[in-house]
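This is what each chain is made of:
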Amino acid sequence: MNETKPTPRKSFPNEDRPVTRRELTAWALCDWANSAYSTLSITLLVAYITKIAFPAPFELGGIEITGQRVWGWGLGISMFCAAWLSPVLGAMADARGAKWKWLIGTSLLGATLATSIPFAPLSQPLLIIALFFFTSLCFELSFGFYNGFLPELADDESMNRISGLGFAAGYLGGGLALVVVLVLFAVGPSIGLPDKITQARAGLVVMGLWWGLFMIPAALWLRDRAAPRNVDRGLGSTAVAAIQSVFHTLQNVRAFSVLSLFLLGYLIYNEGIQTVMSQAGVFGESVLSMEASELMLLVLMIQLVAAPAALAVGWISDRIGAKTTLLVCLSIWCGLLVAAYFVNTKPQFWVMGAVVALVMGGTQAVGRSIMGSMTPESKTAEFMGFFNLSARATSMVGPILFTEVMKHTGSANAAILSLLVFIVIGAVIVSFVNLQRGIAQAKAEDAKA
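Fair warning: this is a prediction, and the values are worked out from it, not measured in the lab.

Some thoughts on the nonpolar core
So, step 1. By size, the foremost hydrophobic cluster in this structure holds 70 residues, and its most contacted members are W27, L45, I49, L103, M215 and L222.
So, step 2. For this core, the elements supplying multiple residues, two or more each, are α1 (21-53), α2 (67-96), α3 (99-116), α4 (125-148), α5 (150-153), α6 (159-187), α7 (196-213) and α11 (292-320).
So, step 3. In terms of residue count, α1 provides more of this core than any other element does, 17 residues in total.
So, step 4. Every residue in contact with M215, bar those within four places of it in the chain, is listed here: C30, A33, L103, I104, S107 and L108.
So, step 5. Judged by nonpolar contacts, the second largest core, of 59 residues, contains Y171, A310, F349 and A365.

Here it is as structure tokens:
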């Protein structure tokens, strides 16, 4: 049965300032740009950190440091910091009408730091750790501001489609960046890159430059649409006011009860999905003895399939409703995790990867569009900051569960199956979300602003 479509709370393009195709292209290219980092970090940067920069343990302050610890802790702490900073920085951006400045600033700084990683001397481990940590922090922070533009560029009728467009651009951009680096490795000896270390460094340069260069359209064409507030305040007083605004939002969360319920469901089901994606390599290596090159090709396939799939799911959402589409996607995720318990051959793993690609982008895109539809226009960056918080606040729970189950059972199949609890609980919570009521609550907040 088709989901009842809620009454739109706004309509773009508007007469005063219609949304242009150029703006939408610039916004989508943000995902195209930063996806080079997300794709190459899990295939190339992790190998550089663990095998080249820190191939052997060393002591720092009496603590043994390994490449795996640098990667795991650096990633986890940066994600945790970004999760809790995002709502505050988002509120500051809303108050000053400065999402664009924060988006461009965090993105270009992150791209610069990423490009600097391969030039850091291997004799300076603390510098490499700092560059990696702040690159990851900038990457995570930039997403809150990027997502904050969605409610300004789309109305309720086009929210699913435009959200899907962003994810599709990201998958294509990340996939193409991966192809460029694979070609670079193949022709490396003939262009002055004779060994794996120099090829890896060149690949990291491509990663950073790709991120930075494709942010230029957003720097030129994308601008905030929401009117700034409190522009006469200094930066310090704006920060204090932003923190107060965040606490005010938390204290008055009952006014956005539907949105809060959705964020709770999203926090739980997204933890399962993100852990599946981050631990897929561990599963492939331990269960199927897959080589790194095989995993890179699998990631490339997932990127290329996920791009049109995200667009298709956005199209379907416009016709049967976002909530119904999300629940269907989560049901498919449940089936995937059950099937993963029985996977023991590489062809089976490739088939599972293809199905993951079909629902991965769609699940993310529909979740973001639901969040956008229930977000007050006056608080887009702040609320998308909470969305980012919900996505990352528990980012270490899933991997810990996966690791502990695998350790005690000796089975990666059982470990991946254990993540089913996240998807099921999250889906049950989402099933109680009344989307029309959530949009009405956002309209009421906008009427007071």
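Text resumes after the structure shown.
Thoughts on α2
So, step 1. Along its 30 residues, α2 runs 41 Å from first to last C-alpha, staying within 8% of the 44 Å computed at 1.5 Å per residue.
So, step 2. The sharpest bend along α2 reaches about 40° and sits at L85, with the proline P87 one to four residues further on.

Observations concerning the packing of aromatic side chains
So, step 1. For the coordinates displayed, the defined rule picks out 14 aromatic pairs.
So, step 2. The interplanar angle of 20° and the centroid separation of 5.6 Å between the aromatic rings of W102 and F145 together place this pair among those described as stacked. One end of the pair, W102, is in helix α3; the other, F145, is in helix α4, and 43 residues separate them in sequence.
So, step 3. By relative accessible area, W102 is classed as partly exposed at 29%.
So, step 4. The buried category is assigned to F145, whose relative accessible area is 3%.
So, step 5. Between Y266 and Y269, the ring centres sit 5.4 Å apart and the planes meet at 85°, which makes this aromatic pair edge-to-face. On the criterion of helical spacing, the pair formed by Y266 and Y269 is a turn pair, its members being 3 residues apart in helix α10 (residues 257-288). There is no split in this pair, since Y266 and Y269 are both buried.
So, step 6. Each residue in the set W27, Y37, F139, F143, Y146 and W211 is aromatic and connected to the rest through ring pairs, giving one cluster.
So, step 7. A cation over a ring is seen here: K99 above F149, with NZ or CZ 5.2 Å from the ring centre.

What counts, and at which threshold
- Residues numbered from 1 in each chain as written.
- Predicted model: local features only at pLDDT ≥ 70, side-chain atom pairs only at ≥ 80, totals over all residues.
- Heavy atoms only, no water.
- Core = buried A, V, L, I, M, F, W, Y, C linked by side-chain atoms within 4.5 Å.
- Buried < 20%, exposed > 50% of the residue type's maximum accessible area, 1.4 Å probe, protein only.
- Helix = DSSP H or I, 4+ residues; strand = E, 2+ residues; numbered from the N terminus.
- Contact = heavy atoms within 4.5 Å.
- Expected span 1.5 Å × (residues − 1).
- Bend = angle between axes of the 7 residues up to and from the residue.
- Phe/Tyr/Trp six-rings, centres within 6.5 Å; stacked < 30°, edge-to-face > 60°.
- Lys NZ or Arg CZ within 6 Å of the ring centre and 35° of its normal.

Geometric descriptors of this kind do not, in isolation, establish any biological role.
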